[in-house]
Structure formats: C-alpha cells, structure tokens
Amino acid sequence: MKIAVYSSNMEWNEYMESCFRMCEEVMAPMEVDFLNSEGTFWNQVAGNRYDLVIVYGEPRLRVSRGNFLNSMEQLWGEMTREEEKHVWQFGRKTVALEEHEIYYIDSLKKAVSVYTAREGYRIRTSMKQEEEAFPKERFSRIHRNCLVNLEHVQHMGGDYLVMKNGVRLDISARRKKQVKEQLLCFQRKAKSRGGRIREAGAERNAF
C-alpha cells in the first residue's frame, strides 16, 4: 500500500508517523510519504499512484493508536480482496502483493520468504503450495527451494538466472531443461509486448 500523508502541523505529523510505524509491524509492504509542504504534496500526488491520501489541517481530536491500527487493518483487508492480491501471514504480520510485484519465492532451512525488487518478507507457507498457487506459464520452479517470476528475469546463464534487480539464482541440474523451455515459451509471448530475455554472454535471441 502506497500512502501520502499531508499536514503543515508538525506535532500531528509526528503522531501520524508513530501510528504508521505501528502499522508497518503488522502489514507489508507499506510505503508512506509524509509531506508538510503544499507544493511538494501536489507534485507528489500528481506524479505517483497512491492507494490512500490523507490530508488534515489543525486537528483537535486525536484518535488512539489502537483505533488507528484497527481502521488501517480493516482498510488493508478490503483493498487486498478487491485487488486480488496474494496474501500471506507470518506471526502478526500480513503480507499482500500483486503478482507482478513478486520477483521470486525461496526457502532456506524451511523458512520461506517472498521477494520484491527491493524487499523480502517471511511468510507461512510451503514451496509446494506456492508452486500450485501461481500460473506455470509465468512462474518457474528453478530449484526445489526457489520459484521465479519469469517477468523479472534479466538473463539466463548456463545454470543460473539473473533477475532485473541483480540477484543471481541457481538452477538445479535436473530442472535446467524445463526452465529453459519455460523461458522460451514466455519469451515468445512477451515479444508481442516488446519483451525479450537474453542468455548471458550471447548475442542471439535463442537459448
């Protein structure tokens, strides 16, 4: 969820920052821009896609942090259902991501995490469950412990993939042929959208 919060009241800004820090402990990903300049506010709103914009002047009543958190959790739940996001739980934290935001999901010593371009989030699930939850034409199980979104593959080496954020992921020997075929299939479908996946060190388009 991407949120813009605007007020010229510094005391209220500090209070809102503390409220959102509390929210970030139980909801992710959450990106909040705190703005105290009217010019900056309008520029940010015009140039960014926000899910929620909060504007306030000189507030007299201060809602409790508990009520604020409850309201945000309710809004979070409604938004994740409406936008058909993939939702996971881990402890008290809820992680909600759209399919295109997901780069890969991996497991290390049975601890499963989902990764975006910049962040990773621990989730309660299994690799088998996740493989079944995503379309095979877009997501490839490149290793028993790794499921990759082909949309974000930068290039393929002999036994590894490099993602668009620079992360290198190993491909298991027994899955190499399958992964290559899935990439080729994805490449053919992506060409109509101008997409292209390269093999590392190669000047040709084919794998």
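First, a word on what this report is: a plain description of the structure on this page. (Residues numbered from 1 in each chain as written. Predicted model: local features only at pLDDT ≥ 70, side-chain atom pairs only at ≥ 80, totals over all residues. Heavy atoms only, no water.)

## Focus: the overall build of the chain
Assigned secondary structure in the chain consists of 5 helices and 15 strands. Across the 207 residues of the chain, 43% fall into the buried class. When the accessible area of the chain is evaluated, it comes to approximately 12100 Å², of which 46% is carbon and sulfur surface. (Helix = DSSP H or I, 4+ residues; strand = E, 2+ residues; numbered from the N terminus. Buried < 20%, exposed > 50% of the residue type's maximum accessible area, 1.4 Å probe, protein only. Areas by Shrake-Rupley, 256 points an atom, 1.4 Å probe, with all protein chains shown as cover.)

## Section: the environment of glutamine 178
Within the element layout of this structure, glutamine 178 appears in helix H5 (residues 176-191). Under the relative-accessibility criterion, glutamine 178 is labelled partly exposed at 35%.

## Overview of the layout of surface pockets
One number sums up the size of the largest pocket: a volume of about 610 Å³. Lining the largest pocket are 24 residues, and of these Met1, Pro29, Glu31, Glu101 and Arg118 lie nearest its centre. When contributions to the lining of the largest pocket are tallied by element, the ones reaching two or more residues are strand E2 (27-28) and strand E6 (93-97). Split into classes, the residues belonging to the lining of the largest pocket amount to 9 nonpolar, 3 polar and 12 charged. (1 Å grid on protein atoms, 1.4 Å probe; cavity = no way out; pocket = protein on both sides within 12 Å on 5 of 7 lines; lining within 4 Å. Points joined across faces, edges and corners; volume = space filled by probe spheres on them. Nonpolar A, V, L, I, M, F, W, Y, C, P; charged D, E, K, R; others polar.)

## Digging into the sheet that holds strand E5 (residues 86-90)
If you walk across this open sheet you meet the 3 strands as E2-E6-E5, and the pairing is mixed. The two strands at the open ends of the sheet, each matched to only one other strand, are E2 and E5. As judged from the 2 bridges shared by E2 and E6, these two strands associate in the parallel manner. Each residue of the ladder has a partner; that of alanine 28, found in E6, is valine 95. (Pairing = 2+ DSSP bridges.)

## Observations regarding the pattern of salt bridges
Counted by the stated rule, this structure contains 6 salt bridges. We note a salt bridge from aspartate 33 to lysine 2, for which the minimum N-O separation is 3.7 Å. With aspartate 33 in strand E3 (residues 31-35) and lysine 2 in strand E1 (residues 2-6), this residue pair connects regions lying 31 residues apart in the sequence. Aspartate 33 gets classed as buried once you look at its relative accessible area, which sits at 18%. Looking at lysine 2, the relative accessible area reads 17%, which means it is buried. For glutamate 131, the salt bridge is made with arginine 141, and the minimal N-O distance between the two is 2.7 Å. Remark: arginine 141 occurs in strand E10 (residues 139-143) and glutamate 131 occurs in helix H4 (residues 127-133); sequence separation between them is 10 residues. Taking the relative accessible area as the measure of exposure, glutamate 131 reaches 24% and is therefore partly exposed. Since its relative accessible area comes to 11%, arginine 141 is described here as buried. (Salt bridge = Lys/Arg side-chain N within 4 Å of Asp/Glu carboxyl O.)

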